[in-house]
Amino acid sequence: MDLNYSAEDEAFRAQVRTFLAENLPADLQEKVRGHLRLAKEDYVRWHKIVAKQGWAAPAWPAEYGGPGWNAVQRHIWEDECARAGTPPILPFGVNMVAPVIMAFGNEAQKAHYLPRILNCDDWWCQGYSEPGSGSDLASLKTTAVRDGEHYIVNGQKTWTTLGQHADMIFCLVRTDPSVRKQEGISFLLIDMKSPGVTVRPIIMLDEEHEVNEVFFDNVKVPVQNLIGQENKGWTYAKYLLGHERTGIAAVGRSKRELLFLKRLALRQQKDGKPLLDDPAFAAKVANIEIELMALEVTVLRTIAQEHQAPGPQASVLKVRGSEIQQMLAELMVEALGPAALPFDPAYLEGESEHAAGGDAEAAPLAAYYFNLRKTSIYGGSNEIQKNIIAQMILGL
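Here the residue numbering is sequential within each chain, running from 1 through the sequence in written order. Per-residue local features are limited, in this predicted model, to residues with pLDDT of at least 70; the limit for side-chain atom pairs, both in listing and counting, is 80 or more; totals at the level of whole chains, interfaces and linings are taken over all residues. In computing side-chain properties, one takes all heavy atoms of the structure into account and sets aside hydrogens as well as water.

A. Molecular detail of the overall build of the protein. Helix and strand assignments follow DSSP, with helices taken as H or I runs no shorter than four residues and strands as E runs no shorter than two, numbered in order from the N terminus. For the protein, the helix and strand inventory stands at 13 helices and 10 strands. Compactness check: the protein gives a C-alpha radius of gyration of 22 Å against a globular reference of 21 Å for 396 residues, within 12% of the reference. The principal-axis extents of the C-alpha atoms in the protein amount to approximately 75 × 50 × 45 Å. Throughout this description, buried means an accessible area under 20% of the type-specific maximum (1.4 Å probe, protein chains only), exposed means over 50%, and partly exposed covers the range between. Counting over 396 residues, the protein shows a buried share of 50%. Throughout, a contact is declared for two residues whenever any of their heavy atoms are within 4.5 Å. The contacts in the protein between residues at least 6 apart in sequence include a share of 73% that link residues at least 24 apart. Exposure was quantified through the Shrake-Rupley algorithm and a 1.4 Å probe, taking into account, for residues, occlusion by the shown protein chains and nothing else. Total accessible area on the protein is roughly 18500 Å²; 53% of this is exposed by carbon and sulfur atoms. What the globule rule says is 2.2 Å times the number of residues to the power 0.38, and the radius of gyration is computed from C-alpha atoms.

Here's what the structure looks like:
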């Protein structure tokens, strides 16, 4: 592909910038740029604004309501949204379960679920990891036993991101324990309001309620909520994970955070000069910027394969993208030194208008740093991704 933007690409970028300037609410932009926490209403409000424009699902085919953009246009959209500071369109519906429904669901499932995902009428969460079955996902133990026109589901999922808000969960469940572990798994869509579903919060080190445990106690799930064929869920799970890992690269967001880091380093002083003028610190910033430029080109090369599902190269994007996000947060904390230590949950949650320490840019950074520790674990740990790269790309 040609990495130079054409006149048509630049015209598209101008169109996107105009839309964002006219439609992105200032309060949401302030939260995102300031590393403050977003409420459910914030995510839904922005999703519906974008959906009204017809741009909520950039990668969807036009027949399902996508805008029909090419790979470069999708990249420009993501880049401009990150630059502007929009809330993210959460991936669980649009980028994770929807591609699986399109590829493996039946016509009734497509007709029911896809429009609701597109308009954010349903909030989705992911039911993959279990206690003892994270990186070794195929060892999962949650069962679904066929009983007439229903499955009876029992078990537990964990690290369920934003599951406390969810209307629906897509789950991997074991439907045949007698075969090889990868062959006895099915992919079920479960209504989170079903009797027997219990959600319990997991409060992390940053004191945020972002992840949960989800318990299933004799939950009845209609057979029509099975995606594809029974016991073929492992195939669908891998297909979904490829889409998830591509999105974790988050190049646009890292470009915005790099600018934030440089601003911090310009205001901090060392020996009477801006910290960014310190050769050792400047070298660290330059190294991240070079790595980020290389990642962006790799992302463009991957998404340019228009009609192919993400392959093992998505693992490269996941590993490097998550490492860059963590390195940026580490340098932000390093730049501020002791000023990054105060922890101010009231300011993070929007309950206090001003940071307790008086520095609105520094107040969220400790929590931001701790929150990003997860990126090298979720979506398949980086250690697992390196195994995939070694086996499927390098042939080792």
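B. Representation of the packing of helix α1 (residues 7-23) against helix α3 (residues 40-53) within the structure. Across the interface, α1 lies against α3 with an axial gap of 12 Å and an inter-helix angle of 135°. With respect to their mutual orientation, α1 and α3 come out oblique. Between α1 and α3 the crossing geometry is right-handed. Every residue of α3 that contacts α1 at F19, L20 and N23 is listed here: W46, I49, V50 and Q53. The class makeup of the residues in the contact of α1 with α3 is five nonpolar, two polar and no charged. To obtain each axis, a line is fitted to C-alpha atoms, and for helices this fit is confined to the stretch in contact; angles are then taken between N-to-C directions over 0 to 180 degrees. Any angle that falls under 35 degrees is termed roughly parallel, while one over 145 is termed roughly antiparallel, one within 65 to 115 roughly perpendicular, and all others oblique. Here a crossing is called left-handed whenever its near helix is offset anticlockwise from the far helix by less than a right angle, and right-handed whenever the offset is clockwise. In this classification, Asp, Glu, Lys and Arg are treated as charged, Ala, Val, Leu, Ile, Met, Phe, Trp, Tyr, Cys and Pro as nonpolar, and every other residue, Gly included, as polar.

C. The arrangement of the pattern of salt bridges in detail. Definition used for salt bridges: Asp or Glu carboxyl oxygen within 4 Å of a side-chain nitrogen of Lys or Arg. Counted according to the given criterion, the structure contains 29 salt bridges. E10 is the salt-bridge partner of R13, the closest N and O atoms lying 3.7 Å from each other. Taken as a pair, R13 and E10 lie in helix α1 at a separation of three residues, close to a single helical turn. The partner of K284 in a salt bridge is E334, and the shortest N-O contact between them spans 2.8 Å. Of this pair, K284 sits in helix α9 (residues 279-303) while E334 is found in helix α10 (residues 313-336), placing the two residues 50 residues apart along the sequence. When salt bridges with common partners are traced through the structure, they connect E10, R13, R17, D79, E80, R83, K255 and E296 into a single cluster.

D. Examining the pairing of strand β7 (residues 209-222) more closely. Both strand β3 (residues 150-158) and β7 contribute to a ladder of eight bridges, which runs antiparallel. Paired with V153 across the bridge in β7 is V219. Pairing between strands is defined by DSSP: at least two bridges between the two strands are required. In terms of strand pairing, strand β6 (residues 197-203) meets β7 through seven bridges, oriented antiparallel. Following the sheet pairing, I203 is matched in β7 by H209. Remark: five residues form the turn of the hairpin made by β6 and β7, two consecutive strands paired antiparallel; E207 in that turn has positive phi of roughly 60°.

E. Representation of the packing of helix α8 (residues 251-267) against α10. Contact pair α8 / α10: the axes reach a minimum separation of 10 Å and the direction vectors enclose 15°. Put simply, α8 runs roughly parallel to α10. Both α8 and α10 take part in a crossing whose hand is left-handed. Listed contacts from α10 to R253, S254, E257, L258, F260, L261, L264 and R267 of α8 are I324, Q325, L328, L331, M332 and L336.

F. Examining the nonpolar core more closely. Only buried Ala, Val, Leu, Ile, Met, Phe, Trp, Tyr and Cys residues count toward a nonpolar core, and they belong to the same one when joined by side-chain atoms within 4.5 Å. Core analysis: the biggest nonpolar cluster contains 72 residues, and I117, F170, F187 and L189 have the highest contact counts within it. The biggest single contributor to this core is helix α5 (residues 91-104), with eight residues.

G. Quick look at unusual backbone geometry. A positive phi is found at H35, a non-glycine position, where the angle reads about 60°. Inspection of the secondary structure assignment puts H35 in the loop between α2 (26-33) and α3. On the basis of relative accessible area, H35 is assigned to the buried category, the value being 9%. Phi at L162 is positive, roughly 55°, even though this residue is not glycine. Position of L162 relative to the elements: it lies in the loop between β3 and β4 (168-174).

H. Examining α10 more closely. Each helix should span, by expectation, one fewer than its residue count multiplied by 1.5 Å. End to end, α10 covers 36 Å across 24 residues, agreeing with the expected 34 Å (1.5 Å per residue, within 8%). Positive backbone phi, approximately 60°, marks G337, located one or two places after α10.

I. Looking closely at the environment of A304. When you line up the elements, A304 lands in the loop between α9 and α10. Measuring from C-alpha to C-alpha, the distance between A304 and N70 comes to 8.1 Å, with 234 residues separating the pair along the chain.

J. Inspection of the side chain of N371 at higher detail. With respect to the helices and strands, the residue N371 is situated in helix α12 (residues 365-371). If near-sequence neighbours (up to four positions away) are discounted, N371 is found in contact with D206, E208 and E210.

K. Focus on the pairing of strand β2 (residues 143-147). Summarising the sheet, β2 and β3 pair through five bridges and their orientation is antiparallel. Bridged to D147 within β3 is H150. Counted along the chain from β2 to the antiparallel partner β3, the turn is two residues long, and its residue G148 has a positive phi close to 65°.

L. Examining the packing of aromatic side chains more closely. When two rings of Phe, Tyr or Trp (its six-membered ring) have centres within 6.5 Å they constitute a pair, described as stacked for plane angles under 30 degrees, edge-to-face for angles over 60, and tilted for the intermediate range. Under the definition given, this model contains 15 aromatic pairs. On the numbers, 5.0 Å between centres and 75° between planes, the contact of F12 with W69 is edge-to-face. Here F12 is found in helix α1, whereas its partner W69 is found in the loop between α3 and α4 (71-84), with 57 residues between them in sequence. Overall, W69 belongs to the buried group, its relative accessible area being 10%. Measuring from centroid to centroid gives 6.4 Å for F19 and W46, while their planes differ by 40°, and the two rings are tilted. Taken together, the residues span a long stretch of sequence, with F19 in helix α1 and W46 in helix α3 at a distance of 27 residues. We classify W46 as buried; its relative accessible area is 1%. The structure contains a cluster of three or more aromatic residues connected by ring pairs, namely F12, F19, W46, W55, W69 and W77. Geometry around F215 places R200 over its ring, the cationic atom sitting 4.5 Å from the centre. Distance and angle both matter: a charge sits over a ring if NZ of Lys or CZ of Arg is within 6 Å of the ring centre and within 35 degrees of the ring normal.

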